[in-house]
Amino acid sequence: MAQAIFRRKGRKFPAIRGWQQLAGIDDSPTYPFECVCHFLRVRLPRNAFGAINREICRERVTSRVESRINYLLLATALLGTFFSGTATRIVAISMPTVAQSLGTDLLGVSWALLSYQLSNIGFSVIFGRISDLWGREKMFALGFLVFAVSSLLCGFSQTVLQLILSRFVQGVGGAMLQSSSRALASESVTEDLAGRAQGYMTTAHHVGFILGPSIGGVMIDYFSWRWSFFLLAPVGFGGTFLALANMKRRQTSARNHAMDIDYLGAALLFAVTTLLVFILDRRTQQIISGSTQVFLAVVFFAALAGFLVHEARAQSPFVNLELFKIRRFSFSVVSLLVIAACYSLTGFLMPFYLQDVLHMSPTKIGILFMAPSILTVALAPLSGYLTDRLGPRVPASFGVLFMIVSLGVGGLLRTDSHWMLPALLIIVGAITNGIFNPANSTAMISMMPKEHRGFASAVNHVTFGLGNVFGVALGGLCMSLAFEHYTGVKSTTLTTANPLGFVAALNTTFLAAIVLSVVAFFASAQRGGQPR
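Residues numbered from 1 in each chain as written. Predicted model: local features only at pLDDT ≥ 70, side-chain atom pairs only at ≥ 80, totals over all residues. Heavy atoms only, no water.

## Digging into the packing of aromatic side chains
For the structure on display, the rule yields 11 aromatic pairs. An angle of 35° between the planes, with centres 4.5 Å apart, marks the rings of Phe123 and Phe270 as tilted. Placement of Phe123 in helix 5 (residues 106-134) and of Phe270 in helix 12 (residues 263-280) is noted, with a sequence separation of 147 residues between them. Here a set of aromatic residues connected by ring pairs shows up, and it is made of Phe123, Phe127, Phe168 and Phe270. (Phe/Tyr/Trp six-rings, centres within 6.5 Å; stacked < 30°, edge-to-face > 60°. Helix = DSSP H or I, 4+ residues; strand = E, 2+ residues; numbered from the N terminus.)

Right under this line is the structure:
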């Protein structure tokens, strides 16, 4: 651990990191009271004989350390992630009504959803890196503002084309927010509270995820689908005000970097991420032909090769590829990608099984699928606490084990299973989400050097988004191949008309996902504990 040297009355004292050590103030001569209090600018309390009053000193140091938590910054970061979670669900539930109002069909609405996803994922890493250079709080404030204005544009849209373009701009604002939110949360607290900060961020996002459909439904029933967008605007403007107020309070200034922005690297990065989403997303697979998909795949690999070659040769690369040599960071990315894929695979396939095979009502299925978000809200703070006490490796690896158990239950499903068995699958998988995400986010973001936390936060968001898209694509592919194997019928369309074949394919898909989860477990267990 690097130690700074403080000079006091001709003596040298090594400064220590970690508020427990500072607040503990033990009797070791290495860290005397005088050094600790001088470091925290706490006046030494002495009695009439000149001796230090240890109890008062300890209370003052503890109070001073606690005041280092920037509650306004943490609240703003929580608002941002709550805002993004709520906005996603509010908009999604209003899409059928939007299609009818604007005189379009499912294809047009799909493009409105896809345009947001493309810009949101495509720009996240770019804005994350720019925020490292120019200031994360400024990027965060601008993200709130762009999202608010674009929400008004969405609400005023008169044609589906206007809505698609407005949603693209809204995705840009979302990328600004989500690329910086977790990095700002990590900077708002002391190092020993980093895990809990990430746990609160996960909780805030899923609270928004829970409330989004209800708020959107009320807007549609009592007002208009346009109010689903209008409602987002004042929240966005409020977030802009809070972010600017915190900047003024901290008197932050623009970061002065001599390096130039690598615009070619940023353009290639945008092409790589958007093309990957375009290729894997199931909506685009229904829209474009097979030959177009092959062409896009060729362009993707060409763009990826060009990006890697350019960044390796550039004097001031847009993305520092050396960061991926940090085992803790790269292994955390692998774990997150796999867990997100397995989680989205479960969410994609289980409704078909529950409704078409077990014949459960949509209402019961909806209630059952509320459990994951509720459990995540309950478990995320606990995971953050354990991360602060044990480090991220133990809770994250433990979370992956729950995913393996959940997928194992999926391999036991039958055509006549009791509804409690798939409910167990969903609940155990939700435990993974609540325990794994805060710990993994801490390893990826809070343990990175501060000058790279915006990039790390953006990679966290993009990896999760790509994992969701990859999970749906992988689930559809595995189901199709397994269904064809068990039924002997060559068909590109999955159907539950043959329940035995569908369930057999479902079991095979879940067992295949277990193999991926084992990879995630070993990556999580071997990531390393503390920052190097």
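There's plenty left to go through after this.
## Focus on the confidence of the model for the protein chain
Residues of the protein chain with pLDDT of at least 70 account for 79%, and the chain-wide mean is 75. Taken element by element, the protein chain is modelled with least confidence in helix 1 (residues 19-24), mean pLDDT 41, and with most confidence in helix 18 (residues 393-410), mean pLDDT 89. Here residues 38-42 scores under 50 on pLDDT; set against residues more than four positions off or in separate chains, the count is 17 contacts. (pLDDT = per-residue confidence, 0-100. Contact = heavy atoms within 4.5 Å.)

## Concerning the environment of Gly471
Here Gly471 shows up in helix 20 (residues 453-487). Residue Gly471 is classed as buried on the basis of its relative accessible area of 0%. Distance from Gly471 to Ala341, taken between C-alpha atoms, is 3.7 Å for residues 130 residues apart in sequence. (Buried < 20%, exposed > 50% of the residue type's maximum accessible area, 1.4 Å probe, protein only.)

## Brief notes about the nonpolar core
The nonpolar side chains of a soluble globular protein tend to be buried with one another. In terms of nonpolar packing, the biggest core is built from 77 residues, with Val125, Phe329, Tyr353, Leu354 and Phe510 touching the most fellow members. Among the elements that line this core, the one with the most residues is helix 15 (residues 327-357), at 13 residues. Core analysis: the second largest hydrophobic core is formed by 30 residues, Met95, Phe147, Ala185 and Leu193 among them. (Core = buried A, V, L, I, M, F, W, Y, C linked by side-chain atoms within 4.5 Å.)

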